[in-house]
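A closer look at the structure
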Amino acid sequence: MERIYLDHAATSPTHRDVVERMVPFMTEVFGNPSSIHFFGRQSRQAIDEARAVVANSIGAKETEIIFTSGGTEADNFALAGTAMANRNKGNHIITTSIEHHAVLHTCHYLERQGFDVTYLPVDEQGNVSLDDVKAALRDETILVSIMFGNNEVGVLQPIKAIGELVKDHQAYFHTDAVQAYGLVPIDVNDYHIDLLSVSAHKINGPKGVGFLYARETVKLSPRLYGGEQERKRRAGTENVAGIVGLAKAVEIAQQTMSEKQMMYRELKETMLSVFDESGISYFVNGNQNACLPHILNVAFPGTNVESMLVNLDLAGIAASSGSACTAGSVDPSHVLVAMLGKESERIRSSIRFSFGLGNTVEQVKKAAYETVQIVRRLTNR
Amino acid sequence: MIYLDNSATTKPFPEVVDSFVTVATKYFGNPSSLHELGMKAEQLLTQSREQIAKSLGVKPSEIIFTSGGTEANNFAIKGVALTYRHRGNHIITTAIEHPSITEPCRQLEELGFDVSYLSVDKTGRVNIDELVKTIRDDTILVSIMHVNNEIGSIQPIEEIGQLLTQYPKILFHVDHVQGIGKVPLQFHKAHIDLCTMSAHKFHGLRGAGILYVRDGVRLSPLLAGGGQEMQRRSGTENVAAIVAMAKALRMSLEKYRERIAYLWDVKKTWIRELQAIPDIQVNTPLEHSAPHIINFSLNGLKSEVFVHELAKQDIFVSTTSACSSKKKAPSKTLLAMGADQKRAESAVRVSLSFENTLEEIPIAIRAMKEAIQKLQEVTR
């Protein structure tokens, strides 16, 4: 049976070129970048080059890139790091109810530390309202954290407009760009972004590495203390092979961005046209006019998530109910609840398909036909 | 090429790199995903956890994977401090810990914790009596490294653990980053509650480490999010690096059984040869020290220039721990051991792995003698 992987938003296959680029940094150039000898210096140079590639991809300076162990650490760092370092300026934080748990759970932690957090609602299309952001801003707001593109439904937020709004306020503007980065062009200066989180394994890079962009004016208190790596902002021996792999993935993502955008849109349309032809009933969740090209979240009325996923998996199709991080839990997706309400039937019948490296029109067509059959079976039609 | 900087980082075993590549390309699923690829990844993660737990003689539920030693140390120190704050706010550690212990301690001091730093004697060992005297009613944590990263001294961990059983409110954390695979440590026998290890110090890859947390010990998470690692450490698991780490640990422990006697031969020969050089003072004691670390001073000569001279001959040693080798500061450990400034400023570390040989020694020693001569000529 051909297995079709449509869960690239959970994690993506590591690109062959990425792995090839990494291996020499494990076997030959294995030095500790802090060592002053040749091996160390070679590793240091590799990190410097990687940092330039990464910085360049978002219009940042090299000194503004901090390598982390992934998106979760970058999000935790951005929120807790700025909150703790800027407490003297205020204790109010604004975020949204549809953030990834790496942001939400850090906000809960900060609330226990005495911070006041406003969770902005979204409309039923998943959009954050600019007026809500404006209304929530107070004198003592120190951070606004709003994700670039949602990981479950793919909705893109008006980041540029929010950046404009926050730029003259004392608050820093953080965006979790883990899903959007690599598929949407991002310029931190153009968008007035102060902090931005990225994870390598969502863009065909390796797991265990990511980065936080922090504008040089941002006061940030470290989360990991120890050696003086990453300009004293993030201790720990640098994961050189991982960092080099990340940079390679960034290069590939930059080169193939427009091609991928077109490809994934086509895949989305292919899938939806099969659904249309079949006559099954379905709803697409999330504003499709401002949406990441690779994420398609669909409700199939009359089905339930678990049996859908089990049946899809048996048919060789890997999809998901929401974010992988919540897939293990039985709770309905907090994103869909925020959009549609607790009572909506759609929160129990929605599936996320996410496209990526290696997917073809044929695969997606096949997956769509299988999905149609499963939906028919489960709804007895 | 003679690589003598294994305490900074080790060269990954080729088999370890192969495992990494296989998992990264074939089993790339997210372990939290419910579908087949996700379940395969989860299976690999579970197997690695079981295998590592078995090697360490502990339960799989007691193994938390982290991004490395620094994260594990930060997690242990801050996690315990914040969780058990209601019991007290006093922490005991030593004057010779790695910065990933001392810096979080400083951070906790800023938050109102009181930290005592135990002194060490001239062999780099803590004194049990001093520890007993330092313990207070409000002590919640004792954190002591097993093997020192700069001079290789071994602390009496079992004895300390035994002593601490009389103080049920105190948790015992051990930084085992330099010890694992080189100096055996039985976690249960030593009554250890938390223990840190890092893959790239035992021929695994950077970006993966382990915090052992004994069942029953609660820890406030350092990274919040998706709730991976039994709700204690969020972030998509670095499956490929973790599988590679399990393999590296198994292979390292095998090497230990086969080659530990030989490694001791190598170390003893190193010390004998170094002691025969007039301008060298060996700082690492033969008693209670690890088989792979030899620290010596150059009688005031510039150790950094010495390191560069050797590098020209393809011989790699370091001035001090890699994490602080860019700072031109005297060795904190040597100062704590009572060495004078001159000795502490001219320290050099040779650190071995099971790959190093007796045959390398005469070549490296000759190069060292030449380097010393050259330095002396320049200084004169």
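What you see is a predicted model; the values in this text were computed from it and never measured.

Calculation criteria
Residues numbered from 1 in each chain as written. Chains lettered and ligands numbered in written order. Predicted model: local features only at pLDDT ≥ 70, side-chain atom pairs only at ≥ 80, totals over all residues. Heavy atoms only, no water. Helix = DSSP H or I, 4+ residues; strand = E, 2+ residues; numbered from the N terminus. Rg over C-alpha atoms; globule rule 2.2 N^0.38 Å. Buried < 20%, exposed > 50% of the residue type's maximum accessible area, 1.4 Å probe, protein only. Contact = heavy atoms within 4.5 Å. Areas by Shrake-Rupley, 256 points an atom, 1.4 Å probe, with all protein chains shown as cover. Lys, Arg positive; Asp, Glu negative; His and termini not counted. Charge placed at Lys NZ, Arg CZ, Asp CG, Glu CD. Buried area = accessible area lost by both parts, 1.4 Å probe. Salt bridge = Lys/Arg side-chain N within 4 Å of Asp/Glu carboxyl O. Nonpolar A, V, L, I, M, F, W, Y, C, P; charged D, E, K, R; others polar. Axes fitted to C-alpha atoms, helices over the stretch in contact; angles between N-to-C directions. Parallel < 35°, antiparallel > 145°, perpendicular 65-115°, else oblique. Left-handed = near helix turned anticlockwise from the far one by under 90°. 1 Å grid on protein atoms, 1.4 Å probe; cavity = no way out; pocket = protein on both sides within 12 Å on 5 of 7 lines; lining within 4 Å. Points joined across faces, edges and corners; volume = space filled by probe spheres on them. Pairing = 2+ DSSP bridges. pLDDT = per-residue confidence, 0-100. Domains from an automatic or database assignment. Core = buried A, V, L, I, M, F, W, Y, C linked by side-chain atoms within 4.5 Å.

**Looking at the overall build of chain B**
Summing up its helical and strand segments, chain B has 11 helices and 12 strands in all. The C-alpha atoms of chain B give a radius of gyration of 21 Å, which matches the 21 Å a tight globule of 380 residues would have. Each of the three principal axes of chain B carries a C-alpha extent, and together these read 70 × 55 × 35 Å. Considering chain B as a whole, with its 380 residues, one finds that 64% of them fall into the buried category. Put simply, of all contacts in chain B between residues at least 6 apart along the chain, 73% involve residues at least 24 apart. When the accessible surface of chain B is totalled, it reaches about 14200 Å², and 49% of it is carbon and sulfur. Averaged over its 44 positive side-chain charges, chain B has a centre that lies 1 Å from the centre of its 42 negative ones.

**With respect to the interface of chain A and chain B**
When the parts of a complex come together, some accessible area is lost, and that lost area is often taken as the interface size. If you look at the interface, chain A gives 59 residues, while chain B gives 61 residues. Carbon and sulfur atoms make up 63% of the area that chain A and chain B hide from each other, which totals about 4900 Å². Contact with chain B buries area across many residues of chain A, yet Phe 30, Ile 36 and Tyr 225 of chain A alone supply 15% of it, more than any other trio. At the surface where chain A touches chain B, the tally comes to 1 salt bridge. Ionic pairing is found between Arg 3 of chain A and Glu 36 of chain B, a salt bridge with its closest N-O pair at 3.1 Å. Those elements that provide at least two residues to the side of chain A that touches chain B are helix H1 (16-22), helix H2 (24-27), helix H3 (38-57), helix H4 (71-85), helix H5 (101-112), helix H10 (305-314) and helix H11 (324-327) of chain A. Split into classes, the residues belonging to the side of chain A that touches chain B amount to 24 nonpolar, 24 polar and 11 charged.

**Section: the packing of helix H2 (residues 36-56) of chain B against helix H7 (residues 239-275) of chain B**
Residue and element names in this part refer to chain B. Interaxial distance between H2 and H7 falls to 9 Å at its minimum, and their mutual angle equals 25 degrees. Considering the angle they form, H2 stands roughly parallel to H7. For the crossing formed where H2 meets H7, the hand is left-handed. Along its contact with H2, which presents Ala 41, Leu 44, Leu 45, Ser 48, Gln 51, Ile 52, Ser 55 and Leu 56, the element H7 presents Val 239, Ile 242, Val 243, Met 245, Ala 246, Leu 249, Arg 250 and Leu 253. Split by residue class, the contact of H2 with H7 holds 12 nonpolar, 3 polar and 1 charged.

**Digging into the packing of helix H8 (residues 303-312) of chain B against helix H11 (residues 360-379) of chain B**
All names here are of chain B. Packing of H8 against H11 brings their axes to within 9 Å, and their N-to-C directions diverge by 130 degrees. The orientation of H8 relative to H11 falls into the category oblique. As for the relative orientation of H8 and H11, their crossing is right-handed in sense. For the pair formed by H8 and H11, the contact residues are Val 305, Phe 306, Glu 309, Leu 310 and Lys 312 on the first element and Ala 367, Met 368, Ala 371, Ile 372, Lys 374 and Leu 375 on the second. In terms of residue class, the contact of H8 with H11 is built from 8 nonpolar, no polar and 3 charged.

**A short note on the layout of surface pockets**
The volume enclosed by the second largest pocket comes to roughly 630 Å³. Residue lining of the second largest pocket: 26 residues in total, with Met 84, Tyr 109, Gln 113 and Arg 223 of chain A together with Leu 82 of chain B positioned closest to the centre. Those elements giving two or more residues to the lining of the second largest pocket turn out to be H4 and H5 of chain A together with helix H3 (69-83) and helix H4 (99-110) of chain B. Its residues assigned to classes, the lining of the second largest pocket comprises 11 nonpolar, 9 polar and 6 charged.

**Brief notes about empty space enclosed by the protein**
Summed over all chains, the structure comprises 9 cavities of 30 Å³ or more. Its boundaries defined by the atoms lining it, the largest cavity holds a volume of some 400 Å³. As for the largest cavity, its lining consists of 37 residues, and the residues nearest its centre are Gly 71, Thr 72 and His 201 of chain A together with Gly 235 and Thr 236 of chain B. Only H4 and H11 of chain A together with strand S2 (63-66) of chain B provide two or more residues apiece to the lining of the largest cavity. Per-element accounting of the lining of the largest cavity gives the leading share, 4 residues, to H4 of chain A.

**Points about the sheet that holds strand S9 (residues 283-285) of chain A**
Residue and element names in this part refer to chain A. Sheet architecture is open: 3 strands sit in the order S9-S10-S12, paired in antiparallel fashion. Two strands in the sheet have a free side with no partner beyond their single neighbour: S9 and strand S12 (350-354). Going from strand to strand, the sheet's axes swing by 35 degrees on average, the running direction of each strand aside. The pairing of strand S10 (residues 295-299) with S12 spans 5 bridges and is classified as antiparallel.

**Section: the confidence of the model for chain B**
The predicted coordinates of low-pLDDT regions are not to be read in fine detail. Of the residues in chain B, 98% have a pLDDT of 70 or more, and the chain-wide mean is 94. Here the predicted complex scores 0.89 on pTM and 0.80 on ipTM.

**Things to note about the sheet that holds strand S10 (residues 293-297) of chain B**
All names here are of chain B. The antiparallel open sheet is built from 3 strands, whose spatial order is S9-S10-S12. In this open sheet, the two strands that pair with only one neighbour each are strand S9 (281-282) and strand S12 (347-351). Where S10 and S12 come together, 5 bridges link them in antiparallel fashion. Bridge pairing in S12 places Ser 297 opposite Ala 347. In the packing of H7 onto the sheet, the strands contacted are S9, S10 and S12, and the crossing angle to S10 comes to about 10 degrees.

**Side note on the domain arrangement of chain B**
Residues and elements named next belong to chain B. Taken domain by domain, chain B consists of domain 1 (2-8 + 255-379) and domain 2 (14-250). Computed from C-alpha atoms alone, the centre-to-centre distance between domain 1 and domain 2 is 28 Å. Between domain 1 and domain 2, the contact holds 28 residues from the first and 27 residues from the second. Taken together, both faces of the contact between domain 1 and domain 2 bury some 2300 Å²; the carbon and sulfur share is 55%. Linking domain 1 to domain 2 there are 0 salt bridges. Those elements that place two or more of their residues in the side of domain 1 that touches domain 2 are H7, S10 and helix H9 (332-336). Taken together, the residues of the side of domain 1 that touches domain 2 sort by class into 14 nonpolar, 11 polar and 3 charged.

**Some details on the pattern of salt bridges**
Between side chains of opposite charge, pairing is possible as soon as their charged atoms come close. Tallied over the full model, the rule gives 26 salt bridges over all chains. Across the salt bridge formed by Glu 229 of chain B and Arg 49 of chain B, the nearest N and O atoms sit 2.9 Å from each other. Of this pair, Glu 229 of chain B sits in the loop between strand S8 (209-213) and H7 while Arg 49 of chain B sits in helix H2, and the two are 180 residues apart along the sequence. Of the charged contacts, one joins Asp 138 of chain B and Arg 136 of chain B as a salt bridge, the two residues approaching to 2.9 Å between their closest N and O atoms. The exposure class of Asp 138 of chain B is partly exposed, given its relative accessible area of 22%. Three or more residues joined by partner-sharing salt bridges are found here, namely Arg 3 of chain A together with Glu 36 and Lys 40 of chain B.

**Considerations on the nonpolar core**
In terms of nonpolar packing, the biggest core is built from 160 residues, with Phe 211, Phe 275 and Phe 353 of chain A touching the most fellow members. In terms of residues, this core owes the most to one element, helix H9 (residues 240-278) of chain A, which gives 15 residues. Phe 353 of chain A has contacts with Leu 6, Met 271, Phe 275, His 294, Ile 295, Leu 296, Val 298, Phe 300, Leu 312, Ala 319 and Thr 371 of chain A, leaving out every residue within four places of it along the chain. Among the nonpolar cores identified, the runner-up in size contains 33 residues, and Leu 263, Ile 277, Leu 301 and Leu 352 of chain B belong to it.

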